[in-house]
Amino acid sequence: WAVELISPIQRAGAWSIYEIEHGWRSYVGLRHAMQENDRLRAELDQLKIRNAELQGHALEADRLAALLNFRDAHKDVPMAVARVIGASLDSGSYIVYINRGTRDGIGRNMGVITPDGVVGKILAVYPDTSQVLLLADKESGVGALLATTRTQGPVKGIGEPQLSLDYVSNDEKVSVGEAVLTSGQDRIFPKDLPVGTVVEAT
């Protein structure tokens, strides 16, 4: 009768000890899993940052290669490589600043270009910086022509990313997708540099 009396107590005690041990192991295991998860998350964040840095370096290398190729293709045109270092605080103004000035031989009304085409022209010059009026500004423009028909007309900024090619005869066929190039008539930009692409003809 003593065994029968004690057995339920022993079973209850053994079950309680098992549950406590199991719960403790689960808690310790969960805590370790959370710590491991935090470590892996931190490593992933670092890898994302590193990947972004590498992508930035790759894009920079591509830009430099494009600039070098562009310079080699236009050896007859004197050029100076510049970097954009600022922009106008006026949201309605398309003006940026570059890190080249009079000490680098930069002068007013010089053309500013990239391998992708015309950007704008020098508006004001200082010893180490210059102010660039972008082509999209309402006060800006460039002599241009249609690549297919060679029809000439001025391209003007309208205060938006898109530009306007004016004074083209209605008799001239203008196709959407046709390239617009510099005409060279303004004596600022060399001839046949990319200006844009026709997106609408009215």
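Values in this document were obtained by computation on a predicted structure and should not be read as measured data.

The rules behind these values
Position numbers for residues count from 1 along each chain, tracking the sequence in the order it is written. Local features in a predicted model are, by the rule used here, given only for residues with pLDDT of at least 70; side-chain atom pairs are given and counted only at 80 or more, and totals for whole chains, interfaces and linings are based on all residues. Heavy atoms from the whole structure form the basis of all side-chain values; hydrogens and water molecules are not counted. Note on conventions: DSSP H or I runs of at least 4 residues are helices, E runs of at least 2 residues are strands, and numbering of each starts at the N terminus. The cut-offs for exposure are 20% and 50% of the maximum accessible area for each residue type, with area from a 1.4 Å probe on protein chains only; residues under the lower value are buried, those over the upper are exposed, and the others partly exposed. Note on areas: these come from Shrake-Rupley sampling with a 1.4 Å probe, and a residue is covered only by the protein chains present in the view. Each nonpolar core is a collection of buried residues, namely Ala, Val, Leu, Ile, Met, Phe, Trp, Tyr and Cys, held together in the definition by side-chain atoms within 4.5 Å. Residues are treated as being in contact if the distance between any of their heavy atoms lies within 4.5 Å. Paired strands are those between which DSSP finds at least two bridges. Geometry is summarised by axes, namely lines fitted to C-alpha atoms with helices restricted to the contacting stretch, and by angles between N-to-C directions that run from 0 to 180 degrees. A 1.4 Å probe that fits into a set of points on a 1 Å grid over the protein atoms alone but cannot get out defines a cavity; an open set with protein on both sides within 12 Å along at least five of seven lines defines a pocket, and lining residues are those with an atom within 4 Å of a point. Grid points are joined across faces, edges and corners, and a volume is the space filled by probe spheres set on the points. Gly counts as polar in this scheme, as do all residues outside two lists: the nonpolar Ala, Val, Leu, Ile, Met, Phe, Trp, Tyr, Cys and Pro, and the charged Asp, Glu, Lys and Arg. Per-residue confidence from the predictor is reported as pLDDT, a score between 0 and 100. By convention in these notes, a salt bridge is any Lys or Arg side-chain nitrogen within 4 Å of a carboxyl oxygen on Asp or Glu.

**Q** Requested: an account of the overall build of the protein, with residues and values cited.
**A** Summing up its helical and strand segments, the protein has one helix and 10 strands in all. Mapped in sequence order, the helices and strands of the protein form the string α-β-β-β-β-β-β-β-β-β-β. For the protein, with 202 residues in total, the buried portion stands at 21%. In the form shown here, the protein has an accessible surface area of approximately 14,300 Å², with 56% of it arising from carbon and sulfur atoms.

**Q** Please give an account of the nonpolar core that cites residues and values.
**A** Nonpolar side chains tend toward joint burial in soluble globular proteins. Core analysis: the largest hydrophobic core is formed by 11 residues, namely V118, L135, V142, A144, L146, V155, V180, F189, L193, V195 and V198. In terms of residue count, the dominant contributor to this core is strand β6 (residues 141–146) (three residues). Apart from residues lying up to four places away in sequence, F189 is in contact with G111, V112, I113, V118, G120, V142, T182 and G184.

**Q** Explain the sheet that holds strand β2 (residues 95–98) to me, and be specific about the residues and the numbers.
**A** Sheet architecture is open: five strands sit in the order β1-β2-β5-β4-β3, paired in antiparallel fashion. Each edge of the sheet is formed by a strand with only one pairing partner; in this case those strands are β1 (84–87) and β3 (111–114). Averaged over all neighbouring strand pairs, the angle between strand axes comes to 35°, with direction disregarded. Of the strand pairs in this sheet, β2 and strand β5 (residues 130–134) are connected by four bridges, and their pairing is antiparallel.

**Q** How would you explain the environment of M79 if you had to name every residue and give the values?
**A** With respect to the helices, strands and loops of the structure, M79 is situated in the loop between α1 (2–73) and β1. Taking C-alpha positions, M79 is 9.7 Å from G111, a pair spaced 32 residues apart along the chain.

**Q** Please set out the layout of surface pockets residue by residue, giving values where relevant.
**A** Counted as a void, the second largest pocket has a volume near 670 Å³. Lining of the second largest pocket is provided by 24 residues; of these, L163, S164, L165, V198 and E200 occupy positions nearest its centre. Breaking the lining of the second largest pocket down by element, the ones donating at least two residues are β8 (163–165) and β10 (194–197). Grouping the amino acids of the lining of the second largest pocket by side-chain chemistry returns 14 nonpolar, seven polar and three charged.

**Q** Go over unusual backbone geometry, please, and point to the residues and values.
**A** One non-glycine residue, N109, lies in positive phi territory at about 70°. Its place among the elements puts N109 in the loop between β2 and β3. One non-glycine residue, R150, lies in positive phi territory at about 65°. Looking at the secondary structure, you find R150 in the loop between β6 and β7 (152–157).

**Q** Describe the confidence of the model for the protein, and please don't skip the residues or the numbers.
**A** With 77% of its residues at a pLDDT of at least 70, the protein reaches an overall mean of 80. Mean pLDDT values over the elements of the protein span from 67, in α1, up to 95, in β5.

**Q** Residues and numbers for the sheet that holds β10, please.
**A** Read across the open sheet, the five strands follow the order β8-β7-β6-β9-β10; overall the sheet is antiparallel. The sheet is open, and its two borders are formed by β8 and β10, each paired with just one other strand. Strand-to-strand, the axes of this sheet are offset by a mean angle of 35°, without reference to chain direction. Note: strand β9 (residues 179–182) against β10, three bridges, orientation antiparallel. Bridge pairing in β10 links L181 to P194.

**Q** Which residues make up the pattern of salt bridges, and what values go with them?
**A** All chains considered together, the criterion is met by two salt bridges. The closest approach of N and O atoms between D128 and R103, which form a salt bridge, is 3.0 Å. Residue D128 is found in the loop between β4 (117–125) and β5, and its partner R103 is found in the loop between β2 and β3; the two are separated by 25 residues along the sequence. Exposure remark for R103: the relative accessible area of 64% places this residue in the exposed category. D192 serves as the salt-bridge partner of R150, at 3.0 Å between the closest nitrogen and oxygen. Placement of the pair is R150 in the loop between β6 and β7 and D192 in the loop between β9 and β10, with a sequence separation of 42 residues. For R150, a relative accessible area of 35% puts it in the partly exposed group.

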